[in-house]
Amino acid sequence: MIELRDICKTYILNGRRKVVADHISAVFPPLTAVAILGRNGAGKSTLLKILAGTMEPDSGLVIPTGTVSWPVGFAGSFHAELTGLQNTRFIARVYGVDTGELEEFVADFAELGQHFLLPVRAYSSGMKSRLAFGISMGIRFDTYLVDEVTAVGDSSFRQKSEALFADRLSHSAAIMVTHSVDQVRRLCHHAAVLEDGKLSFFDDVEEAIQYHQILMRKAPPNQE
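Residues numbered from 1 in each chain as written. Predicted model: local features only at pLDDT ≥ 70, side-chain atom pairs only at ≥ 80, totals over all residues. Heavy atoms only, no water.

Colleague: What's the story with the overall build of the protein in this structure? I'm lost.
Modeller: When its secondary structure is counted, the protein shows seven helices and nine strands. Rg of the C-alpha trace for the protein: 18 Å, near the compact-globule value of 17 Å for 224 residues, within the 12% margin. By its C-alpha atoms, the protein is 50 × 40 × 30 Å across when sized along the principal axes. Burial analysis of the protein (224 residues in total) assigns 46% to the buried set. As presented, the protein carries roughly 11000 Å² of accessible surface, and 51% of it is formed by carbon and sulfur atoms. When the 22 basic and 26 acidic side-chain charges of the protein are each reduced to a single mean position, those positions are 6 Å apart. (Helix = DSSP H or I, 4+ residues; strand = E, 2+ residues; numbered from the N terminus. Rg over C-alpha atoms; globule rule 2.2 N^0.38 Å. Buried < 20%, exposed > 50% of the residue type's maximum accessible area, 1.4 Å probe, protein only. Areas by Shrake-Rupley, 256 points an atom, 1.4 Å probe, with all protein chains shown as cover. Lys, Arg positive; Asp, Glu negative; His and termini not counted. Charge placed at Lys NZ, Arg CZ, Asp CG, Glu CD.)

Shown next, in the form of structure tokens:
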């Protein structure tokens, strides 16, 4: 479970204010998958980073219960000069999980072949995402934060990724940013819509999708 209590976050970009979170309060329950919908630039990925604790809000509190993943699929924390295997071992030590089990899981799942033994700087963006997804899913968290991760790879890999993610949801919660309403319908119990710094939470996924689609037909809100 993660509780957001009166979260505020604003950027100043080229002299214009961009409000990402305007006094957002919400509770993301345990053992539940919640989608976050919103137009491009609404701040969904920023909100996910605030939930993960990798970005500080301007004000307010993030109150997690249990273990929370980094945003699944985020590869920015990899050391470029280390191999995929070395990065995997390092993360295993940081999170206190069995090194051998994690590296075996990632080697099998990510389908990197000999690239697993090469420096990450030699990886394509898709290979980095597959490595990041494999490491994330190889560690059991109470809540997974997911940012469009199952979009990487070919069709068979995407299907495999979604199947693994669905399996993890049988024992964990998830907060998932996605543009795919079909994926929301397949995987999520509830959904929230982020618009102009406000987060509207819906128990019914179809109501959230309908509200999101109505907003998408309107002009984006103006920022100061």
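Colleague: Sorry, what's going on with the sheet that holds strand 5 (residues 68-72) here?
Modeller: The strands that make up a sheet pair up through hydrogen bonds in the backbone, lying either parallel or antiparallel. Read from one edge to the other, the open sheet built from six strands follows the order 5-6-7-3-8-9, with strand pairing classed as mixed. One side of each edge strand has no neighbouring strand; the edge strands of this open sheet are strand 5 and strand 9 (198-202). Neighbouring strand axes in the sheet, compared pairwise and without regard to direction, differ in orientation by 15 degrees on average. Contacting strand 3 (33-37), strand 5, strand 6 (143-147), strand 7 (173-177), strand 8 (190-195) and strand 9, helix 1 (residues 44-52) runs over the sheet at an angle of about 155 degrees to strand 6. Sheet strands in contact with helix 7 (residues 205-216) are strand 3, strand 8 and strand 9, and its direction is about 20 degrees off that of strand 8. (Pairing = 2+ DSSP bridges. Axes fitted to C-alpha atoms, helices over the stretch in contact; angles between N-to-C directions. Contact = heavy atoms within 4.5 Å.)

Colleague: Sorry if this is basic, but what is going on with the side chain of Arg168 here?
Modeller: Relative to the assigned elements, Arg168 resides in helix 5 (residues 155-168). At 2.8 Å, the side chain of Arg168 forms a polar contact with the backbone oxygen of Met137. Those residues in contact with Arg168 that sit more than four places away from it in its chain are Phe105, Met137, Arg140 and Tyr144. (Polar contact = N/O pair within 3.5 Å; in protein donor to acceptor, adjacent residues only side chain to side chain.)

Colleague: What should I look at first to understand the packing of aromatic side chains in this one?
Modeller: To describe a pair of aromatic rings, one takes the distance between the centres and the angle between the planes. Taken as a whole and assessed by the stated rule, the structure comprises nine aromatic pairs. Taking 5.9 Å as the distance between ring centres and 0 degrees as the angle between the ring planes, the aromatic pair formed by Phe105 and Phe109 counts as stacked. Taken as a pair, Phe105 and Phe109 lie in helix 3 (residues 99-110) at a separation of four residues, close to a single helical turn. Phe109 gets classed as buried once you look at its relative accessible area, which sits at 6%. On the numbers, 5.6 Å between centres and 45 degrees between planes, the contact of Phe109 with Phe133 is tilted. In this pair, Phe109 sits in helix 3 while Phe133 sits in helix 4 (residues 125-138), placing the two residues 24 residues apart along the sequence. Each member of the pair, Phe109 together with Phe133, is buried. What links up through ring pairs into an aromatic cluster is the set Trp70, Tyr95, Phe141 and Tyr144. Its end group placed over the ring of Phe157, Arg130 keeps NZ or CZ at 5.1 Å from the ring centre. For the cation-ring pair, Lys160 lies above Phe109, with the distance from its terminal atom to the ring centre recorded as 4.5 Å. (Phe/Tyr/Trp six-rings, centres within 6.5 Å; stacked < 30°, edge-to-face > 60°. Lys NZ or Arg CZ within 6 Å of the ring centre and 35° of its normal.)

Colleague: Would you mind showing me how to read the nonpolar core here?
Modeller: Across soluble globular proteins, nonpolar side chains show a tendency to be buried alongside one another. Residues Leu131, Ile135, Tyr144 and Phe165 are the most contacted members of the largest nonpolar core, which totals 44 residues. Counting residues per element, this core draws most heavily on helix 4, which supplies six residues. In contact with Phe165, other than residues within four places in its own chain, are Met137, Tyr144, Val146, Ala174, Met176 and Leu187. (Core = buried A, V, L, I, M, F, W, Y, C linked by side-chain atoms within 4.5 Å.)

Colleague: Would you explain the packing of helix 3 against helix 5 in this entry?
Modeller: Relative placement of two packed helices is described by the angle separating their axes and the distance separating the axes. The N-to-C vectors of helix 3 and helix 5 enclose an angle of 140 degrees; their axes lie 11 Å apart at closest approach. For the element pair helix 3 / helix 5, the angle class is oblique. Within the contact between the two elements, helix 3 uses Phe105, Asp108, Phe109 and Ala110 and helix 5 uses Phe157, Lys160, Ser161, Leu164 and Arg168. (Parallel < 35°, antiparallel > 145°, perpendicular 65-115°, else oblique.)

Colleague: Just checking my understanding: could you explain the sheet that holds strand 2 (residues 16-28) for this structure?
Modeller: Strand order across the open sheet formed by three strands is 2-1-4, with antiparallel pairing between neighbours. Sheet topology places strand 2 and strand 4 (59-64) at the edges, where each strand pairs with a single neighbour. The mean angle between the axes of side-by-side strands here comes to 25 degrees, regardless of whether they run parallel or antiparallel. Strand direction decides the pairing type here: strand 1 (residues 2-13) and strand 4, joined by five bridges, are antiparallel.

Colleague: Looking at this model, I keep getting lost on a nonpolar patch on the surface. Mind explaining?
Modeller: A cluster of nonpolar side chains, namely Phe90, Val94 and Tyr95, defines an oily patch on the protein surface of about 300 Å² accessible area. Classification of Tyr95 as partly exposed rests on a relative accessible area of 37%. (Patch = residues over 30% accessible without salt bridge, like charges linked within 9 Å, V, L, I, M, F, W, Y side chains within 5 Å. Salt bridge = Lys/Arg side-chain N within 4 Å of Asp/Glu carboxyl O.)

Colleague: Any chance you could explain the pattern of salt bridges here in plain terms?
Modeller: Pairing is possible between side chains that carry opposite charge, provided their charged atoms lie close to one another. Here the structure, examined in full by the defined rule, presents 11 salt bridges. Between Arg39 and Glu195 there is a salt bridge whose closest N-O contact spans 3.1 Å. Of this pair, Arg39 sits in the loop between strand 3 and helix 1 while Glu195 sits in strand 8, and the two are 156 residues apart along the sequence. Its relative accessible area of 11% is what places Arg39 among the buried residues.

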